[in-house]
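If you want the building blocks of each chain, they are given just below.
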Amino acid sequence: EQNAAPPNFELPEGPLQIMTFGKFGTYKKVETLVEVFRILQKSHKNPLELVIAGTNSPNSPQYLENVAQKYADVSNVRYTGYVAEEDVSRIFGDAAAVVFPYTSTTGSSGVLHQAGDYGKAVVLPQIGDLAELITEEGYTGEFFEPNDVQSLADAIARIIDHPERRVEMGRRNYLAARGLP
């Protein structure tokens, strides 16, 4: 279901939201992202929120519950659980950056197309030919080395610290999701 109207590139009042979306626990893991979030909170004066949207992968029951327990000391992390279809646009709309914490890739991602639909800047792992694949499709993103805390922190910071860059990347990804050059 594509949005008819172009996305609004303004963000809601309140903390900047760093969001990840999917079924977690197999090749989508959030531990590095939570570690990075802890670092970003220390280095940023503006309030941040980490939104982990979605559920456990069927192969990893209790994965998110275990992560939540392990990182109970990290503040401003929100686990949404299952996201109903009517809430997807708000979850994406409120996000300053959408992070893909994948350790391996299964080719082009449906979530990437959704992020594009909502005009979002994305943070992607430097895995195999993913960078070439998404660039060929017209998308743009910040890339990081999987499981590398500093690399991921730097990639997210390049988006949240530069609002004009975030909006420009969002515009490009919106056009790519529409199949436009």
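Residues numbered from 1 in each chain as written. Predicted model: local features only at pLDDT ≥ 70, side-chain atom pairs only at ≥ 80, totals over all residues. Heavy atoms only, no water.

1. Focus on helix α2 (residues 63-70)
Line of reasoning, step 1. Tyr63, Leu64 and Val67 are the residues of α2 that are buried. Buried residues of α2, seen end-on, are gathered within an arc of 90 degrees and therefore sit on one face of the element.
Line of reasoning, step 2. Considering only its buried residues, α2 is in contact with β1 (16-24), α1 (31-43), β2 (48-56) and β3 (77-81). (Buried < 20%, exposed > 50% of the residue type's maximum accessible area, 1.4 Å probe, protein only. Helix = DSSP H or I, 4+ residues; strand = E, 2+ residues; numbered from the N terminus. Arc of directions from axis to C-beta. Contact = heavy atoms within 4.5 Å.)

2. Topic: empty space enclosed by the protein
Line of reasoning, step 1. Scanning the entire structure with this criterion turns up three cavities of 30 Å³ or more.
Line of reasoning, step 2. In this model, the second largest cavity occupies a volume close to 40 Å³.
Line of reasoning, step 3. Together, Phe9, Ala95, Ala96, Gly119, Lys120, Ala121, Arg166 and Val167 line the second largest cavity.
Line of reasoning, step 4. When contributions to the lining of the second largest cavity are tallied by element, the ones reaching two or more residues are β4 (95-99) and α7 (163-177).
Line of reasoning, step 5. Looking at the lining of the second largest cavity residue by residue, the class counts come to five nonpolar, one polar and two charged. (1 Å grid on protein atoms, 1.4 Å probe; cavity = no way out; pocket = protein on both sides within 12 Å on 5 of 7 lines; lining within 4 Å. Points joined across faces, edges and corners; volume = space filled by probe spheres on them. Nonpolar A, V, L, I, M, F, W, Y, C, P; charged D, E, K, R; others polar.)

3. Observations regarding α7
Line of reasoning, step 1. End to end, α7 covers 21 Å across 15 residues, agreeing with the expected 21 Å (1.5 Å per residue, within 8%).
Line of reasoning, step 2. Of the residues making up α7, those classed as buried are Arg166, Val167, Met169, Gly170, Asn173, Tyr174, Ala176 and Ala177.
Line of reasoning, step 3. The inward-facing, buried residues of α7 abut β4, α4 (110-117), β5 (122-125), β6 (142-144) and α6 (149-160).
Line of reasoning, step 4. Positive backbone phi, approximately 75 degrees, marks Gly179, located one or two places after α7. (Expected span 1.5 Å × (residues − 1).)

4. Some points on the pairing of β5
The side chains of a regular strand alternate, first on one face of the sheet and then on the other.
Line of reasoning, step 1. Side chains Val122 and Leu124 project from β5 onto one buried face, and the interleaved Val123 and Pro125 project onto a second face that is buried too.
Line of reasoning, step 2. Bridge count between β4 and β5: two bridges; the pairing is parallel. By the bridge assignment, Val98 is partnered in β5 with Val122.
Line of reasoning, step 3. A crossover connection joins β5 to the parallel β6 through helix α5 (residues 130-136); in handedness this β-α-β unit is right-handed. (Pairing = 2+ DSSP bridges. Right-handed = clockwise from strand over helix to strand, strands pointing away.)

5. Concerning the nonpolar core
Line of reasoning, step 1. Formed by 30 residues in total, the largest nonpolar core has its most connected members in Ile18, Leu40, Val123, Leu152 and Ile156.
Line of reasoning, step 2. By residue number, the principal contributor to this core is α6, which donates seven residues.
Line of reasoning, step 3. Leaving out residues up to four positions away in the same chain, Leu152 has contacts with Thr32, Leu33, Val36, Val99, Val123 and Phe144. (Core = buried A, V, L, I, M, F, W, Y, C linked by side-chain atoms within 4.5 Å.)

6. Focus: the packing of α1 against α6
Line of reasoning, step 1. Packing of α1 against α6 leaves a shortest axis separation of 9 Å and a crossing angle of 60 degrees. The angle between α1 and α6 falls in the class oblique. Helix-helix and strand crossings are classified by hand; for α1 and α6 the assignment is right-handed. Contacts between α1 and α6 involve Thr32, Leu33, Glu35, Val36, Ile39 and Leu40 on the former and, on the latter, Val149, Leu152, Ala153, Ile156 and Ala157. (Axes fitted to C-alpha atoms, helices over the stretch in contact; angles between N-to-C directions. Parallel < 35°, antiparallel > 145°, perpendicular 65-115°, else oblique. Left-handed = near helix turned anticlockwise from the far one by under 90°.)

7. Comments concerning the side chain of Thr32
Line of reasoning, step 1. Position of Thr32 among the secondary structure elements: in helix α1.
Line of reasoning, step 2. Apart from the residues lying within four places of it in its own chain, the contact partners of Thr32 are Asn147, Asp148, Val149 and Leu152.

8. Quick notes on the packing of aromatic side chains
Line of reasoning, step 1. In total, this model carries four aromatic pairs according to the counting rule given.
Line of reasoning, step 2. Ring centres of Phe21 and Phe92 lie 5.2 Å apart, and the angle between their planes is 45 degrees; this geometry places the pair in the tilted category. On the criterion of sequence distance, the pair formed by Phe21 in strand β1 and Phe92 in helix α3 (residues 85-93) is long-range, its members being 71 residues apart.
Line of reasoning, step 3. Since its relative accessible area comes to 0%, Phe92 is described here as buried. (Phe/Tyr/Trp six-rings, centres within 6.5 Å; stacked < 30°, edge-to-face > 60°.)

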